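Letter by letter, the chains look like this.
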Amino acid sequence: MVGEQLAAIEAKNLKLTYPDDRPETEREYGTALRQITALKKELRSAAKTDLKDDALYNPVLTIISHFGNALSYQFASYKQNQNTRYRETVTERREKINRIEIDLTDSLKYAYNILTDIKNGDDANWLDVSCAVALATGRRMGEVHLSANFEEIDTYTVAFKGQLKGKTRKVRQGDKAVYIRDVIFKIPTLLRAELVCFALQWLDLKGKRFPQTEDPERVNRRFSKTLNEACKDWEIFPKDERTYHKFRAAYLRAAIVNDGNVDPYDFTDFAKAVLGDDDENTINAYKRYEIKPGTLTRI
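Residues numbered from 1 in each chain as written. Predicted model: local features only at pLDDT ≥ 70, side-chain atom pairs only at ≥ 80, totals over all residues. Heavy atoms only, no water.

A. Spatial organisation of the sheet that holds strand E2 (residues 149–154). Pairing within the open sheet is antiparallel, and its three strands lie in the order E2-E3-E6. The sheet terminates laterally at E2 and strand E6 (184–188), the two strands that pair on one side only. With direction set aside, neighbouring strand axes in the sheet form an average angle of 30°. Note: strand E3 (residues 157–161) against E6, five bridges, orientation antiparallel. Each bridged residue has a counterpart across the sheet, and for Ala 159 the counterpart in E6 is Lys 186. (Pairing = 2+ DSSP bridges. Helix = DSSP H or I, 4+ residues; strand = E, 2+ residues; numbered from the N terminus. Axes fitted to C-alpha atoms, helices over the stretch in contact; angles between N-to-C directions.)

This is the structure in structure tokens:
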């Protein structure tokens, strides 16, 4: 009961602090929902690090869980509105009339030159190196700067471990259930694998990667703003869509072309295999983009 009362008070405060001015039936409270996620994470972290009596840890964690569930329930209808709008947006954007052609030629050449320069011992802007790795491998910001591990398999293939999204999810490997973060994915690259592997080591040596044991949220807090700003200079997507995460879409669409055996509009299984995404709505969002005929898709 106390948890529910606290949740009601916190919900009211969140709505006042992060208002949504749309009619009640259309409200999503997107910023407030993100704050709820961050609050839950911080409360669990505080319980783990600040409690001096180990015997209190599990009871406090139970209280935090009840509070978090009650708070999420207060926003359940808004989350449903958000999910509904997202699905409708994805459906609308992937219609043929709304598709966008993307050209990777200049960006891939630039990425190749940047990674070749650092492999040869020249210096480079770490922001460009990070963007080049993201484009060449389709990995997320948190993976590039914290959890990813690459091992060269052949010229354009690496073994990737360190999948972040859905990290508490387990998948079957043989007769075992393995956490997704420990699963090794065999992924294609858009640049030579040796360059990609070296670039990740270079970022580490330059102090631009966190230890793999750190909370991935630290990557967002430290690098998100500067990296998303750096993406504005990579002319693959329309200006208002140039974010770090969009490199993931460019990578996937190019990887489909390079494979040659994947249907460009029926690629769910392929996307799951190379991206690790288990959310078909997310995968379907990539159908908005088409590779412009004649563009480079691998160097």
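From this point on, the discussion continues.
B. Examining the side chain of Asp 128 more closely. Looking at where Asp 128 falls in the secondary structure, it is placed in helix H6 (residues 126–137). Salt bridges are absent for the buried Asp 128, whose nearest opposite-charge side chain, Arg 242, sits at 12 Å. (Buried < 20%, exposed > 50% of the residue type's maximum accessible area, 1.4 Å probe, protein only. Lys, Arg positive; Asp, Glu negative; His and termini not counted. Salt bridge = Lys/Arg side-chain N within 4 Å of Asp/Glu carboxyl O.)

C. A look at the environment of Ala 11. Locating Ala 11 in the fold gives a position in helix H1 (residues 2–17). Note: C-alpha distance between Ala 11 and Ser 72 (61 residues apart in sequence) is 8.8 Å. The contacts of Ala 11, once residues within four sequence positions are left out, are Leu 71, Gln 74 and Phe 75. (Contact = heavy atoms within 4.5 Å.)

D. A look at the packing of H6 against helix H9 (residues 217–230). Two numbers describe how H6 lies on H9: the axes approach to 10 Å, and their chain directions differ by 80°. Taken together, the axes of H6 and H9 are roughly perpendicular relative to one another. Touching Trp 126, Leu 127, Ser 130 and Cys 131 of H6 are Phe 223, Thr 226, Leu 227 and Ala 230, all from H9. (Parallel < 35°, antiparallel > 145°, perpendicular 65-115°, else oblique.)

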